[in-house]
Structure formats: structure tokens, C-alpha cells
Amino acid sequence: MSDQYEGVEGTRGDSLPHISKKFMLKCDHCLLQFPEREAVYDDVKGREKVFCCHGCKGIYRLINDEGLTEFYRKRDSWTPGPAETGQVDTAAFTDNLKPVGKEIETDLVLDGIRCASCVWLNEKILLRTKGVTYANVNYATHRARIRWDPEETGLDTILSRISSIGYTPKPFASKSYEEDLKNRQRDLLLRFGTASFFSMQLMLYSIALYAGYFQGIETGTKLLFEIISLFLATPVLFYSGWPMIRGSVKSINNLSFNMDVLITAGAGAAYFYSIYQITQGGEVYFDTAAMIITLILLGRYIEAGAKKKASQTLTHLLSLSPKEARIVKRQRARGKGQELMNTDTVMVPIASVKTGELIQVVPGEKIPLDGVVVEGSSEIDESMLTGESRPVVKTQGSEVFCGTQNLFGSFIFEVKRTGADTMLSQIIKTVEDAQAKRAPVQAFADRVVGFFVPAVLLLGVMTFIYWSLRGIPTAGAVMNSVSVMVIACPCALGLATPLAILIGTTRGASKGILIKGGDVIEKSKDIDTVILDKTGTLTEGKPVLSSFSGTGMPDLDALRFAASLERLSGHSIGKAIVDAAKGLELYDVENFSAYPGRGVKGGIDGNNALVGSENFLEAEGVVLNIDTEMLSRVESSRAGGATVVYLSYDNRLAGVFFVSDVIRKEAGNVVRELLLRKVAVAMITGDNINTAASIAKEAGIDWIRAEMSPVEKAGEIKRMQEEGRHVIMVGDGINDAPALVQADVGIAMGRGADIALESSDMVLMRNDLGLLPEAVSLSKKTFSVIRQNIFWALFYNVIAIPLAVSGILHPVIAAAAMAFSSLSVVGNSLRLRRC
């Protein structure tokens, strides 16, 4: 790369003529122009290079020494100037370290990324660093993921390598990343608001000009209105539409035509042709240019909001994993002639925990890693993994999972899986992989734009050449050529999809159905299979006391005794009993004790009272004299998935309680309606097969998959998709997130976990399963309207473009036809308001 003066190029040396210092030099690294007096020179492989500062000089030499000078040939769209480097505090990155097998991985953000070659350079430099095994930089987000062998290199070495080439590494923080997405959406809103304001003012003058064309208008007034229209359209095109203009320039430089080229060509043609028409006394079409930009920005703003929501999915998943763990340290000691074992605990970062170490978990804490219980017992809320609404008892030998919630007891477990091997990490990876897939509608749009834009541009040029060769005046040839551009402006095409989506989603919101974007509507058109989760979707999602009977005492007395004990336990099953006893006067309890996974006991009126499982009561010496009728009822309830709880008072059986998660009252009707529409219905749940079969039978579902983990749920849906099925998944828990994302369309119940709501494509806001058939129907109707809109928009072009080429279609008529096509799209879309 040669050194450059402003207006003069060449290698600096005796061959250059004397040039005054008022001329500017250009830095060979960062391309910044600067006065010659500030120059820093260096000899690189026999050629003298010039730099704006010693930092750029050092970076250039480093890149050259590494054999990465291809960077300077690859880079484009480079903003001149050195990157803003700053102090790098290694300690700030330690919270983001996580083990992956024997290696360490971290995510960070790189400041100073200007173009795709910056990504290339950082990846190359990192991969040439000893010990680094993986490096990937995302150009869109500037987020880097790096993995290395801690025995060969360290974090400080990696950070210094990044800084040495002029980029500043910063810790990746989910909140700052979300803030960046909010800023992008805010920028779109500002541009859209500006475009809307000026476009509304512009339409007033455009209407006056169109009226003047048919009824007559004084020349001076016409010119005034046209100049005002020009000033109103200019900020819409060059401020609001600047991201599209910039994108189209990059696209043309890369010879890869995208939607930005289509938008810029249409709006630009209408704008610049209108300026030409002002000089010729003709008609202007500034309103067309402004409306194209405004409508496209509206669609992009809606899309940006959906992306921001989707980005929060992984943030919530990552937040489930604790940052620290309580390591158990045991040492032998002697006391009074005996050898003792002292047990101490130390809080350490998760990244430093290794397989085989012992971790203590106390009540209320989340489990930090996967492992097996070696001491103690407790009950664990595993609903985020299995969908099971009831806590799971954990004793010695039981497996526990990262991110699940410990409820009552304290225990010690041995670590079996760390880092990317934990169940939670597998869920995160499943969501990441599913979200990385491109929407089919985007690929289709790219293919259409790829040939439509150059075809229209070429046709416009050919029209001008044709009529010039026919001998008509140049002004006439230009008019016919620009008529082609005006008639081909994608106003109706740009309006066809966003307007239908806007009305369809607004109509859905009024009914309690939140649809998160046009791609969801496009994917819903082919749905032939609906998958329903059990807990919280087909059922109410919380245990309730379905029935109870007193034994040797009245039913309500038995309920009062049981509720008096259970109100002190806080257990979910106990809460169901307490809720059923609302309004009853309860007893005072003495010497209360809870036994996790077994039951509770205490003293009432001087007698022992117990509530718990059959084994618990028998272990406490209570003989369960159950008659044949009650025994049959107990067995039948258990087969249906209910939990059976017993009450004893004064060492005698006093009551039997049946607690279950009841089916939604609307579930049966929903299943029948879907089956009538030729849509297959299945249940996939993490619950046991007996409970699943009972609920499925009551709902009218024959297709069941039970006892499945979140990853297995997603895998089952993927298998269905490979068979050619188009799947909707309906769920409400964190455990449903991978399946919701894997499905063609994921639908979350309104009161579901945040992660389920954000992983989904639709949300039933009223927590009413009866909205499901309506959501499917609305999506299909909306896509049908989109398809009709696109057909009429394309049909208009097929008819109108040949007329423009033939020279018989005046630009004013072209604009009127375009307005008519837009009105037809608007009218057709408004039909969705009656759905």
C-alpha cells in the first residue's frame, strides 16, 4: 500500500516532487488524513510507510509480521481513524469464564470493528495465538466467542493480543447487549417518526398538485408547491432512508443485489426524476419517494422489536445458572485421642469447579452444576427441566441438575457434569441452534430481489436507448425511461406484506393473541400437527385437591386437621389442601416437623397428627386399615396420575386426600376443533406415563410422548419435521423453550415462564387454550391476504411496465396506477379486521 497525499499518490522518497505541508497525508493503517508535521515513518520490507501515530505504526508492523497483510486488501466501508483503545482490566472478564471440557471459553465484545475484514483479522490473530483452539466474531453484534487451553495460554495473553491490533475487548454483559438492541430500535423509531411527519405534510401539497394537474393551477403556485414538496421529501430520503442508501451502495459494490437496492432505486428514481421535472415544468412524484421509505421503515421497526424480544431468550437461560458454588473441603483432625473429620465450605466461581468435587446446597439455593447426591435429602423444583409440577424427592444416589431450585433440605452432591455438558447448557445450545436458522420467507425475498432490481434497471436503460434510436427528443426518451422506473417502484409490493401483518397482528392482539412477526404468519400456513405440553397447557398447572374422605371422622373435620398441619409446610401439595380449606377454622399445632418427600407431623389438642405418604405413616407406627372400596379408589386415582395423601390422628387413619393437576375445561373442545380441521394433535410431556395417559384420554388425544427431557422434546419435533410435518408447539414453561424454538411455530400460554414467552412465536395472552384454533385460523387468513396482495402488486407490474416501455403511459398515469394498486392492497388488508 503506497503512502498518499491529498490529490497525489506514490511512494514517499526522492521521486516525489516537493509538496507543501498544507497537503494532507493518509495513514497506511487507519486511512486517516493528517498534516505532514504529525507523520510517523517506518521502513517495512524496503518500502517507507507513513502513519498518523505510533499506535498505527505498531499495529501495521504486527499485522505484517504475522503475514496478515491480506487484511488491507479485504477491508471495505472502513471508517478512517484509529480504533479507540483503552485500559483492559482482566479481572472484569473472570465472571464470563466457563469450562468446556479441559478448555476455558468466554464471550466478549470487540470495540473498533468497522468492516468484515476486521472480523477476519481478529479471528486470524486469535487462532495464531498459542493455546487458542476456537475463535468466532459476529460481525453484526461484534460479539466474540473464544476457547483456549489454560495450560498453554491465559486470558491476559488473549486480551493483549486483541489490544495489540487496535481493538478494545470488553466483557459481554447481557444488559449492555440488550441496551444496544434498544438503541437500534430507538434509532429506527426516530427515523420512522421523522419520515411519517414529513410524509404527512408532503401529502397535503401532493394532493393540491394532483388537483391542479386536472383542474389547472397557476404556474408560480405550482412551482412553490413543488419546491416545498422537494424540501419535505429530502429529509425522508436522505435521513430516514440513509441506512437503506448505505446498504444499497455496499450491495452494489459487492455485486449482490438486496432489498435495499430495490428500495433505493424506487425511491431515488421518483425523487430525482421529480427534480428533473421541476426544471422542465412537468409533474413531480416526491410523495411516492417518501411513502416508500416510510412504509419500509414501519416494517423494519416492527421486525426490530421482535428481534429484541428474541435476544432475551438466551439471557434468561444463562441467568438460571448460579455464578458461585459452595465447595466442601474435608480434613482429618485429632481430638481427645480420636481421629475426626472436619468439614468446611468455601464459595468459589463456577468456572473453577471440577468433576468429582463435592458441592453443598442449602434450602432456597439453585443447584450450580449436574451431579449425584451423596449426603442428605431434599425436594427439588425441576419444573424448568421436566415440566413436572410437583417437587421431586432427592436422596442419596439421586441425580440433580444445574439451574433447578432446592426447596427445603440441605444436601451434598458430587459434580458429574460441568460447563457445556450440563443439562441447562444443552438447553441453551438447542435454543441457539434453532434461532440461527434463516426464515424461508427471507430467502425467497432475496431471490426475487436478486433478479428484479437489475432487470428493472436494465429495462429502464434499454427503454431510453430504444426511444433515442427512434429519433424522439431526449426529454421524451428520458420520460419514457423514468416512467418504467416509477411504474416499477415497489410501493404496492412494499405495502403488501407489512400492512397485512400490521392489521392481522393488531386484530390478534384485540382477541388476546400476540403474533411476533410476519415470518410466524408465513410458517403457520402449512401447519398440520399441533403438539401440546401437559402441565400448564392442557392442565391448570398447579396441584388442586380433587377429592377427599374422612375415615372415622366427618370429611370436613379431616380437612381441618390436614390443613392445620400443611399450612406450616409450604409444600405445593400441602398448599392445595390448605386452599381447599379456606373459610374453615383451623387448629393450633404444636411441635411441628417436616420430612421432605415424606410428610409432616405435629400435636393437635394433645394428640399426634400426621399427613403424608403411606410409607411415612407406616414408619410412624400408624396402621392403615383401608376398606376395599377406598383401596380401589386409591389405585384408580394413582393410575390417573393423582397423588394420594393420608391423615392420621391419635395413631389412627383419619382421612384420605387426592391431589392432582386438573385438565382445563376447554381442552376437550380445542382438541376436537383441531381434529375437525384435519390437524393432528399430540401430547409431549416430561411427566410420567400414567399421568400423561390419563390427561390425554380426558382431552381426546391418542398420540402421547411422556417422560421426555427438554432436549428430547425438541428432538422429537425435529424428527416429525424430517418426516415432512409442519409443527406447532404449545407450552408454558422454561422446559418448553427448546421445543418452542425448534417447532415451525411456538405458542406460549400467557402466564407461562418469561423464557417460554420469549422463545415463542405467539403468545395466548389470556391464558386460554381456546384461543389456539383462533390463532391458527387468523394466521392462515393473514397469509392468504398477503399472498393476494403480492399477486395484485405483481399483476399490476406485469400489465403496467410494458405500457411504460411502449411510451403510452405518462408518469402521472403511472403514479395514479401505482396509487390505485396501493389502495387495492389497503382495501384487501382491511378485510382482516372482520376476522
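So, here's what we can say about the structure. Remember, it's a predicted structure, so these values are computed and weren't measured experimentally. (Residues numbered from 1 in each chain as written. Predicted model: local features only at pLDDT ≥ 70, side-chain atom pairs only at ≥ 80, totals over all residues. Heavy atoms only, no water.)

### Remarks on the pairing of strand β20 (residues 411–417)
Taken together, the four bridges between strand β14 (residues 358–361) and β20 define a ladder with antiparallel strand orientation. Within the sheet, the bridge partner assigned to Leu358 lies in β20 and is Glu414. Strand direction decides the pairing type here: strand β15 (residues 370–376) and β20, joined by six bridges, are antiparallel. Bridge assignment links Gly376 to a residue of β20, and that residue is Phe411. (Pairing = 2+ DSSP bridges. Helix = DSSP H or I, 4+ residues; strand = E, 2+ residues; numbered from the N terminus.)

### Points about the packing of aromatic side chains
Tallied over the entire structure, the rule returns 15 aromatic pairs. Summarising the aromatic geometry, the rings of Phe238 and Tyr271 are spaced 5.5 Å apart at their centres and angled 80 degrees between planes, so their arrangement reads as edge-to-face. Pair noted here: Phe238 is in helix α6 (residues 219–240) and Tyr271 is in helix α8 (residues 259–280), with a separation of 33 residues, a long-range link. We classify Phe238 as partly exposed; its relative accessible area is 36%. (Phe/Tyr/Trp six-rings, centres within 6.5 Å; stacked < 30°, edge-to-face > 60°. Buried < 20%, exposed > 50% of the residue type's maximum accessible area, 1.4 Å probe, protein only.)

### Describing the packing of helix α17 (residues 555–566) against helix α18 (residues 572–580)
Across the interface, α17 lies against α18 with an axial gap of 8 Å and an inter-helix angle of 130 degrees. Here α18 runs oblique to α17, going by the angle between their axes. Of the two elements, α17 crosses α18, and the hand of that crossing is left-handed. Residues Leu559, Ala562, Ala563 and Glu566 of α17 form the contact with α18, whose own contacting residues are Gly574, Ile577, Val578 and Ala580. Here the residues of the contact of α17 with α18 are counted per class, giving six nonpolar, one polar and one charged. (Axes fitted to C-alpha atoms, helices over the stretch in contact; angles between N-to-C directions. Parallel < 35°, antiparallel > 145°, perpendicular 65-115°, else oblique. Left-handed = near helix turned anticlockwise from the far one by under 90°. Contact = heavy atoms within 4.5 Å. Nonpolar A, V, L, I, M, F, W, Y, C, P; charged D, E, K, R; others polar.)

### Quick word on the side chain of Ser524
One can find Ser524 in helix α15 (residues 518–524). With residues up to four places along the chain from it excluded, the contact list for Ser524 reads Val745, Met762, Ser779 and Lys780.

### A closer look at the sheet that holds strand β30 (residues 703–705)
Sheet architecture is open: seven strands sit in the order β21-β33-β32-β31-β22-β29-β30, paired in mixed fashion. Edge positions in the sheet fall to β21 (513–515) and β30, since each of these pairs with one other strand and no more. The average undirected angle you get between the axes of adjacent strands in this sheet is 20 degrees. Summarising the sheet, strand β22 (residues 529–532) and strand β31 (residues 727–731) pair through four bridges and their orientation is parallel. Residue pairing for β31: Leu532 is matched across the bridge by Val730.

### Here's the deal with the pairing of strand β28 (residues 652–660)
A large share of β28 lies buried, amounting to eight of its nine residues. Pairing between strand β27 (residues 643–649) and β28: seven bridges, direction antiparallel. Directly across from Tyr646, in β28, lies its bridge partner Val656.

### Thoughts on the environment of Met683
Within the secondary structure layout, Met683 lies in strand β29 (residues 680–684). Here Met683 falls in the buried class, since its relative accessible area comes to 0%. In this structure the C-alpha to C-alpha distance between Met683 and Arg705, which are 22 residues apart in sequence, comes to 6.1 Å. Once you skip the residues sitting within four places of it in the chain, Met683 turns out to touch Leu532, Lys534, Leu538, Ala692, Ile695, Ala696, Ile701, Trp703, Ile704 and Arg705.

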